[in-house]
Amino acid sequence: MVCAMLGATLLASHPGAFAEEKYKTVEPGVLTVAITGDMPGLIARDGKLIGYDGEILQRAAENLGLKVNPVPTEWSGAIAAVQSGRVDLIGGTVAWTPERAKALSLTDPTGYFQNGITQKASTQWQTLKDIENRKVGSMTGFSFLPELRKIPGIELTLYDTSDAALRDLMNGRVEAIIGDPPVIDYAIAQNPGWGLANLAFADNNADFPLLTSVGRQYIFGLSKENKDLADAISGEIRKLWANCEVKKIGAKYGFTHEAQYTPSPVNFRVGVDRPEGWRPPVCQK
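The structure contained in this document is the topic of the report that follows. What you see is a predicted model, and the numbers here were worked out from it, not measured in a lab.

Procedures and definitions
Residues numbered from 1 in each chain as written. Predicted model: local features only at pLDDT ≥ 70, side-chain atom pairs only at ≥ 80, totals over all residues. Heavy atoms only, no water. Helix = DSSP H or I, 4+ residues; strand = E, 2+ residues; numbered from the N terminus. Rg over C-alpha atoms; globule rule 2.2 N^0.38 Å. Buried < 20%, exposed > 50% of the residue type's maximum accessible area, 1.4 Å probe, protein only. Contact = heavy atoms within 4.5 Å. Phe/Tyr/Trp six-rings, centres within 6.5 Å; stacked < 30°, edge-to-face > 60°. Lys NZ or Arg CZ within 6 Å of the ring centre and 35° of its normal. Expected span 1.5 Å × (residues − 1). Disulfide = S-S within 2.5 Å. Pairing = 2+ DSSP bridges.

In this section: the overall build of the protein. Regarding its fold elements, the protein presents 11 helices and 13 strands. Whereas a compact globule of 285 residues would reach a radius of gyration of roughly 19 Å, the protein reaches 20 Å, a difference of no more than 12%. When its C-alpha atoms are laid out on the principal axes, the protein stretches across 75 × 40 × 35 Å. Residues counted as buried form 49% of the 285 residues belonging to the protein. Considering only residue pairs separated by 6 or more positions, the protein has 70% of its internal contacts joining residues 24 or more positions apart.

With that settled, consider the packing of aromatic side chains. Under the definition given, this model contains six aromatic pairs. Aromatic pair Trp 96 and Phe 268: ring centres 5.2 Å apart, planes at 40°, arrangement tilted. Here Phe 268 lies in the segment after α11 (245-251) and Trp 96 lies in the loop between β5 (89-95) and α5 (98-103), a separation of 172 residues in the sequence. Taking the centre distance of 4.3 Å and the plane angle of 10° together, the rings of Phe 113 and Tyr 218 count as stacked. Of the two residues, Phe 113 is situated in strand β7 (residues 111-113) and Tyr 218 in strand β13 (residues 216-222); the sequence distance between them amounts to 105 residues. Feature note: the residues Tyr 112, Trp 241 and Tyr 261 constitute an aromatic cluster, connected by ring pairs. In this structure, Lys 150 is placed above the aromatic ring of Phe 208, and the distance from its NZ or CZ to the ring centre is 4.8 Å.

To continue, consider the environment of Gln 58. Relative to the helices and strands, Gln 58 resides in helix α3 (residues 52-63). Gln 58 sits 141 residues away from Leu 199 along the chain, and the two C-alpha atoms are 31 Å apart. Look past the residues within four positions of Gln 58 in its chain and what remains in contact with it is Lys 48, Leu 49 and Val 68.

With that settled, consider α3. Across its 12 residues, α3 extends 17 Å between first and last C-alpha, which sits within 8% of the 16 Å expected from 1.5 Å per residue. Counted residue by residue, α3 has nine buried out of 12 residues, so it is predominantly covered. Taken together, the buried positions of α3 are occupied by Tyr 52, Asp 53, Gly 54, Glu 55, Ile 56, Leu 57, Gln 58, Ala 60 and Ala 61. Of the residues flanking the end of α3, it is Gly 65, one or two places downstream, whose phi is positive at about 75°.

What follows concerns the state of the cysteines. Following the criterion strictly, the structure yields one disulfide and no others. In this model Cys 244 forms its disulfide with Cys 283; the gap between the sulfur atoms is 2.3 Å. As the torsion about the S-S bond is roughly 95°, the Cys 244-Cys 283 disulfide counts as right-handed. Remark: Cys 283 occurs in the segment after α11 and Cys 244 occurs in the loop between α10 (227-242) and α11; sequence separation between them is 39 residues. For Cys 244, a relative accessible area of 10% puts it in the buried group.

All right, on to the pairing of strand β8 (residues 116-120) then. Counting buried residues in β8 gives four out of five residues, a clear majority hidden from the surface. As judged from the five bridges shared by β8 and strand β12 (residues 196-200), these two strands associate in the antiparallel manner. Considered in β12, the bridge of Lys 120 is made with Leu 196.

Once that is clear, we can look at unusual backbone geometry. The backbone of Gln 124 sits at a positive phi, close to 65°, despite the residue not being glycine. Mapped onto the elements, Gln 124 comes out in the loop between β8 and β9 (135-139). Non-glycine residue Asn 204 carries a positive phi angle of around 50°. With respect to the secondary-structure elements, Asn 204 resides in the loop between β12 and α9 (209-212). Classification of Asn 204 by relative accessible area gives partly exposed; the value is 45%.

Here it is as structure tokens:
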């Protein structure tokens, strides 16, 4: 009994020791994070994670007694890097999809989003039909690419970075971009002189769910063997929703639309990677 009490005291005073024992990370007591994206999602600065997902994950790691090790990773190989154990986690406005749920242990959502069309402000395109027979740019490895390719007459160009796609949009090599909504919105907000707009799809077309559905989810992805850690991070995420701290974090990075905190009316994860009765988190204040 005394030994058990002593052990509990030691774990309470040294949470990192508990983390080393409980979670299967690349390096004991350290969360190795793939850095794949741009602001405002998740990047490393001065040894800490920043951005919307970055701040959420930094807080979660600290609360769980884990240090953070950011590792630059190409998005095209990020999921494989998690599966093979080179990194522990991918994140940074990464979308939930059924395919990713089969490959990884996915956390509860950090936020919600709807895809849109990035374009010259003068065009005002908001439907799938608007981009038929047009030159459209997107990002290598994005989940909705098969749906984009189904659009009649589309001439699709893929980019490794949002910066490259935006440059080609401004110089006329492509007429529109379907990209990462918060990254695009952040870039446009920082550069109003570009004369660009990002307008959400108005279709909500069941045949194009990844492109047009409302209330899609941003998540963190870990290996199937690391479900305990994914669940623990989900618990930390829910704490930030419970007191609406997510909105305070989001305000720093341009997450100011109510849609970014409003889940889909369809509880699409139940029966896929969540049990009956699970509900996506919402602000409770």
